[in-house]
Amino acid sequence: ATDGEPDQARSGLPTRTEDDPGGAGVSLERLLAIAKLTPAQAAVLVTDVVDQIGSAHEPGRSRASFRANAVTVSDSGHLTIERGGNAGSRDEVRDALAVLLREIAANCRSAAFADQLDESIAEASDPVVLAQLVRSTVATEFGPDEVEATRRQLAALVSAVMGRARPEGRAHERPDAPDQPTPAAGSSL
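Residues numbered from 1 in each chain as written. Predicted model: local features only at pLDDT ≥ 70, side-chain atom pairs only at ≥ 80, totals over all residues. Heavy atoms only, no water.

Attention now moves to the confidence of the model for the chain. Keep in mind that low pLDDT regions are not for reading the predicted coordinates in detail. Confidence along the chain averages 74 in pLDDT terms, with 65% of residues attaining 70 or more. Here residues 169-183 scores under 50 on pLDDT; set against residues more than four positions off or in separate chains, the count is one contact. (pLDDT = per-residue confidence, 0-100. Contact = heavy atoms within 4.5 Å.)

Right, let's get into the packing of helix α3 (residues 90-106) against helix α4 (residues 111-123). Between α3 and α4, the shortest axis-to-axis distance is 9 Å and the interhelical angle comes to 170°. The orientation of α3 relative to α4 falls into the category roughly antiparallel. Touching Arg 94, Ala 98, Leu 101, Arg 102 and Ala 105 of α3 are Phe 113, Ala 114, Leu 117, Asp 118, Ile 121 and Ala 122, all from α4. Its residues assigned to classes, the contact of α3 with α4 comprises eight nonpolar, no polar and three charged. (Axes fitted to C-alpha atoms, helices over the stretch in contact; angles between N-to-C directions. Helix = DSSP H or I, 4+ residues; strand = E, 2+ residues; numbered from the N terminus. Parallel < 35°, antiparallel > 145°, perpendicular 65-115°, else oblique. Nonpolar A, V, L, I, M, F, W, Y, C, P; charged D, E, K, R; others polar.)

Counting residues in each nonpolar core, the largest one holds 40 residues, and the members touching the most others are Leu 28, Val 49, Leu 79, Leu 101, Ile 104, Leu 117 and Val 134. Looking at this core, the elements with two or more residues in it are α1 (28-34), α2 (39-56), β2 (71-74), β3 (79-81), α3, α4, α5 (127-138) and α6 (147-162). The greatest single-element share of this core, amounting to nine residues, is contributed by α2. Every residue in contact with Ile 104, bar those within four places of it in the chain, is listed here: Leu 28, Leu 32, Leu 37, Ala 42, Leu 45, Val 46, Val 49 and Leu 79. (Core = buried A, V, L, I, M, F, W, Y, C linked by side-chain atoms within 4.5 Å. Buried < 20%, exposed > 50% of the residue type's maximum accessible area, 1.4 Å probe, protein only.)

Here it is, written out as structure tokens:
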């Protein structure tokens, strides 16, 4: 289904594309409206996108949907694209994928990252080639040993957007320290 079609027009129920160990999350659109991403954070999200687009072309898998609310980032820092419905022709999928990737890149603190990603997008003629080019472009932004730390950063951003503190947020405090008294409300004069 497209944004203009009712939900009933979709064939089948949407499913998550990956087995994400995280729980609730926020739409990517909401996260990008609030947080500016580091190049490593943007690269991890871009990698999640191309991984899921690649798996969408496997036999028996439905294509991913690119509606704004269909792309979410979980509280474990994983990007998920909802599957279901008709995603359109290969050209439509490629164009929607390019828009999604450019939205992530535009929110990155590094203009150079956005420019490199844009060059990769411009070179691609279909979703599979696009995924390959983009993957090689973002591979320089983080090492394998940095992925989990970057996901924790993304998870913290998601928690902040959702208005919750991360449970490990108090980890820097001594566990045996007494609780501090709550400051008095009102004027101190």
